[in-house]
Amino acid sequence: QVQLVESGGDLVQPGGSLRLSCSGSGFTLDDYSIAWFRQAPGKERVGVSCMSSGDGYILYADSVKGRFTISRDTHKNTVYLQMNSLKPEDTAVYSCAAEGFPNCATAASEYDYWGQGTQVTVSS
């Protein structure tokens, strides 16, 4: 069964760090472009970062550039999102998504597979 499962969300203070994990089963994540999205309560889902399968290009939203890092571990079939210098406005449910095109799509509607989401709360 094709599945994506996120983990690593937690409650942290501003300035803290978290590492989110997105693990795949039933398929090889290296064959897919992988993106992280987030959705705050009452807000639209927005893209955070994307890593393409075809050329390895990485995209970051301006709001997280310089603070977040996306990476892959092929042996673990896992994609990570390292989040540093967290701010209250980073509070959201974070979801990973995969699509089979070699380029990095940023529209949520283009993705084939989605994880269940993991809650990140940044508060003092």
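For the structure itself, look to the data block above.
Numbering of residues begins from 1 in every chain and follows the order in which that chain's sequence is written. Totals for whole chains, interfaces and linings use every residue, but because this is a predicted model, local features are given only for residues with pLDDT of at least 70 and side-chain atom pairs only at 80 or more, for both listing and counting. Working from all heavy atoms in the structure, the side-chain values ignore hydrogens and water.

### Side note on the sheet that holds strand β7 (residues 68-73)
- In short, DSSP must find at least two bridges between two strands for them to pair. Per the convention used, a helix needs a DSSP run of H or I reaching at least four residues, while a strand needs a run of E reaching at least two, with both numbered from the N terminus. Ordered by their spatial adjacency, four strands build an open sheet running β1-β3-β8-β7, and the pairing between neighbours is antiparallel. Edge positions in the open sheet fall to β1 (3-7) and β7, since each of these has one partner strand only. Sheet twist, expressed as the average angle between the axes of neighbouring strands with direction ignored, equals 15 degrees.
- As paired elements, strand β3 (residues 18-25) and strand β8 (residues 78-83) share six bridges and run antiparallel to each other. Bridge assignment links Ser 21 to a residue of β8, and that residue is Tyr 80. The convention used is that axes are lines fitted to C-alpha atoms, helices contributing only their stretch in contact, and that angles between N-to-C directions extend from 0 to 180 degrees.

### A short note on the packing of aromatic side chains
- Each aromatic pair joins two rings of Phe, Tyr and Trp (for Trp, the six-membered one) with centres within 6.5 Å, and gets the label stacked for planes under 30 degrees apart, edge-to-face for over 60, and tilted for any other angle. Considering all chains together, one arrives at six aromatic pairs under this definition.
- A centroid spacing of 4.9 Å and a plane angle of 80 degrees characterise the contact between Phe 27 and Tyr 32, whose relative ring orientation is edge-to-face. Like Tyr 32, Phe 27 is buried.
- An angle of 45 degrees between the planes, with centres 5.1 Å apart, marks the rings of Phe 37 and Trp 114 as tilted. Using a 1.4 Å probe on the protein chains alone, a residue whose accessible area is under 20% of its type maximum counts as buried, one over 50% counts as exposed, and one in between counts as partly exposed.

### Points about the side chain of Arg 38
- Checked against the element boundaries, Arg 38 lands in strand β4 (residues 33-39).
- In protein, a polar contact requires one atom able to donate a hydrogen and another able to accept it; more generally it is a pair of N or O atoms within 3.5 Å, and residues adjacent in sequence count only if both atoms are side-chain atoms. Side-chain polar atoms of Arg 38 contact the side chain of Ser 63, separated by 3.5 Å.

### A look at the environment of Ala 92
- Structurally, Ala 92 can be placed in strand β9 (residues 92-99).
- For the pair Ala 92 and Gly 9, spaced 83 residues apart in sequence, the C-alpha to C-alpha distance is 9.6 Å.
- Between two residues, a contact is recorded if the distance between any of their heavy atoms is within 4.5 Å. In this view, Ala 92 contacts Arg 38, Gln 39, Ala 40, Thr 118, Gln 119 and Val 120; residues no more than four positions away in its chain are not counted.

### Some words on unusual backbone geometry
- One non-glycine residue, Asn 77, lies in the positive phi region at around 50 degrees.
- Looking at the secondary structure, you find Asn 77 in the loop between β7 and β8.
- Assessed through its relative accessible area of 16%, Asn 77 is described here as buried.
- Although it is not a glycine, Ser 85 adopts a positive phi angle of roughly 50 degrees.
- Tracing the sequence through the fold places Ser 85 in the loop between β8 and β9.

### Some details on the nonpolar core
- One finds Trp 36, Phe 68, Leu 81, Met 83 and Tyr 94 to be the most contacted residues of the largest nonpolar core, which totals 25 residues.
- The set of elements that each furnish at least two residues to this core consists of β3, β4, β5 (46-51), β7, β8, β9 and β11 (118-122).
- Note on terminology: a nonpolar core comprises buried Ala, Val, Leu, Ile, Met, Phe, Trp, Tyr and Cys residues joined through side-chain atoms within 4.5 Å. Of all hydrophobic cores here, the second largest spans seven residues; its members include Ala 35, Phe 37, Ala 97 and Ala 105.

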